[in-house]
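Take a look at the letters that make up each chain.
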Amino acid sequence: MPSSSEPRRKFPDYVAPTKIHYDGERPRAIQVRTCRLVTTYGGIRREYTFDQAQVRIGSMDDNDLVIPDETVSRYHCRIVQEETGYLIIDLGSTNGTFVNGVRVREAYLSSGCTVSLGQTDILFNAAQEKVEIVPSSKSRLGDIIGRNLKMRELFAVIEKIAPTGATVVIEGETGSGKEVVAQTIHKLSPRAQSSMMVFDCGAVPKNLIESELFGHEKGSFTGAIMTRQGLFEMAHGSTLFLDELGELPLELQPKLLRALEQREIRRVGGTRSIKVDVRIIAATNRDLEEEVRAGRFRQDLFYRLSVVRLFVPPLRERPEDIPLLVDAFLKEHAYNRLPDGSRKCLRVAPEAMELLQSYRWPGNVRELVNAIERAVSFASSDTIQACDLPEAVRGEGHSSSWAQAVSSQPVPEPVRAPEVSTPPPLSAHLDMPFKDAKELWVASFEREYVQHLLRKNRNNISHAAREAEIDRKYFRKLMRKYDIEGPKDESDDED
């Protein structure tokens, strides 16, 4: 078996990492990689199954696998689930760790091999286990709130994959709560004792992204007056959340791929590689499969990241969750606190709740948070009334509201004269955070652009997509994203 001084090779009896794609459709089962250990000590045989990222082995009671053998060190070794297989690492034990009779510091394990610790033998096997997904009975997991079936199924998947070391990609619309999902996965993982590091790929200038992620050496470029660690180094032993992954420049994607595959990075201007132990969770509001087809995202990086893909449903598909969310906001958010610490608003009037549940929420949970904060500031009693809600939620107001611009009525019939509404002026939201203002403006533009091309081409999707110079399937995805109606008869879409 290879020792720690030898270069790491691909796991000989490769067992694929956990592969899950939860897209909101009800999953019957998922495949989870498991590690089965059969111990033999003093003639007694016991079997254990683990699916977490690492298994600590020793004689102390706080190990994952406790071995009552006085010749085994208190913290003897650990088995780590890597992308290419299982790695056993000796933790400086007194009597050593042996794989098939050979003493090792670090080695990959093949199914069927025997690990010997003191007078105990452990038979190792790796396999794929089919796990049935049963919707959780909870209405809250970490900071994620929802009683909708899709949300409770998402809870069940998260509870299964969080303890593993699997890379996760979270997909969903702007404001749907992707970062909250990432935080919950981190808090339920063995890495929870360390803070999760966050990097927004769309909020940093392109020429600084490499330095932010991988760090730089002193003098490596103008302004590099000192050596600086990057987020990969800072997240060592923890989780790195890459928000807006689809915004990562194409030229930097190979370097991210190398960091994921080799588990090592090199600082800008550096000459040596630095080993890192980082779990990656990424989020995007783009369709990465479409981005790959359009040549804007590397296929190899997409497959490397897509060990687990989760989809967060938009708020309009789960209106039954709105009362739960509003109740949590009123209880937990600082904007509803009076100087003495008590809550200003305690409840929402029935007619106001009816408006909240019937609104389409193009900005999803983020827009709901802002709407409730606004309502609290306007409320004159401990109950939020309909008149306290934003105009868009009440069905009033026009282009002055971002939400109204993004969630206007479906495409009119082609017999009507073409109309192109103007997106709301940027000055209306200059006080918003850059990321939020940018996302809402882009969403408004995309919807107006798709509507205009459909009107111009008499609802012929093929012609509209051709004029836009984008793939027809991607054009349809944009239509679905903004609830834009297509031809009632498929024949209307023929060339």
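This is a predicted model, so every value here is computed, not measured.

## Here's the deal with the confidence of the model for the chain
Chain-level statistics for the chain give a pLDDT mean of 83 and a share of 83% at 70 or above. Across residues 398-423, confidence stays below pLDDT 50; counting only partners more than four residues off in sequence or on other chains, it has 58 contacts.

## A short note on the packing of aromatic side chains
Describing an aromatic ring pair means giving the distance of the ring centres and the angle of the ring planes. In the structure shown here, the tally under the stated rule is six aromatic pairs. Aromatic pair F214 and F232: ring centres 5.5 Å apart, planes at 20°, arrangement stacked. Placement of the pair is F214 in helix 3 (residues 206-214) and F232 in helix 4 (residues 231-234), with a sequence separation of 18 residues. Here F214 matches F232 in class, with each residue buried. Both rings, one in F302 and one in Y303, keep their centres 5.4 Å apart while their planes meet at 55°; by these two values the pair is tilted. Over the aromatic face of F378 sits the side chain of R374, whose NZ or CZ is 4.0 Å from the ring centroid.

## A word on empty space enclosed by the protein
Over the atoms rolls a probe the size of a water molecule, and its path tells where empty space is left. Enumeration over the complete set of coordinates arrives at one cavity of 30 Å³ or more. Every residue along the wall of the largest cavity is listed here: F232, A259, L260, R263, V276, V278 and I280. Broken down by class, the residue content of the lining of the largest cavity amounts to six nonpolar, no polar and one charged.

## Section: the sheet that holds strand 6 (residues 77-82)
Judged by pairing direction, the sheet is mixed, and its five strands sit side by side in the order 5-4-6-7-10 without closing on themselves. Looking at which strands have only one partner, the edges of the open sheet turn out to be strand 5 (65-66) and strand 10 (106-109). Relative to strand 10, strand 7 (residues 85-90) runs antiparallel, the two being bridged by four bridges. Looking at the pairing, I89 lines up with E106 of strand 10.

## As for the pattern of salt bridges
Pairing between side chains of opposite charge can happen when their charged atoms approach one another. In total, this model carries 29 salt bridges according to the counting rule given. Among the salt bridges present, the one from E210 reaches K255, with a minimum N-O distance of 2.5 Å. You can see E210 sitting in helix 3 and its partner K255 sitting in helix 5 (residues 253-262), a full 45 residues away along the chain. Note on E210: relative accessible area 22%, which makes it partly exposed. The exposure class of K255 is partly exposed, given its relative accessible area of 37%. Put simply, E264 and R258 hold a salt bridge, and the shortest N to O gap is 2.8 Å.

Analysis parameters
- Residues numbered from 1 in each chain as written.
- Predicted model: local features only at pLDDT ≥ 70, side-chain atom pairs only at ≥ 80, totals over all residues.
- Heavy atoms only, no water.
- pLDDT = per-residue confidence, 0-100.
- Contact = heavy atoms within 4.5 Å.
- Phe/Tyr/Trp six-rings, centres within 6.5 Å; stacked < 30°, edge-to-face > 60°.
- Helix = DSSP H or I, 4+ residues; strand = E, 2+ residues; numbered from the N terminus.
- Buried < 20%, exposed > 50% of the residue type's maximum accessible area, 1.4 Å probe, protein only.
- Lys NZ or Arg CZ within 6 Å of the ring centre and 35° of its normal.
- 1 Å grid on protein atoms, 1.4 Å probe; cavity = no way out; pocket = protein on both sides within 12 Å on 5 of 7 lines; lining within 4 Å.
- Points joined across faces, edges and corners; volume = space filled by probe spheres on them.
- Nonpolar A, V, L, I, M, F, W, Y, C, P; charged D, E, K, R; others polar.
- Pairing = 2+ DSSP bridges.
- Salt bridge = Lys/Arg side-chain N within 4 Å of Asp/Glu carboxyl O.

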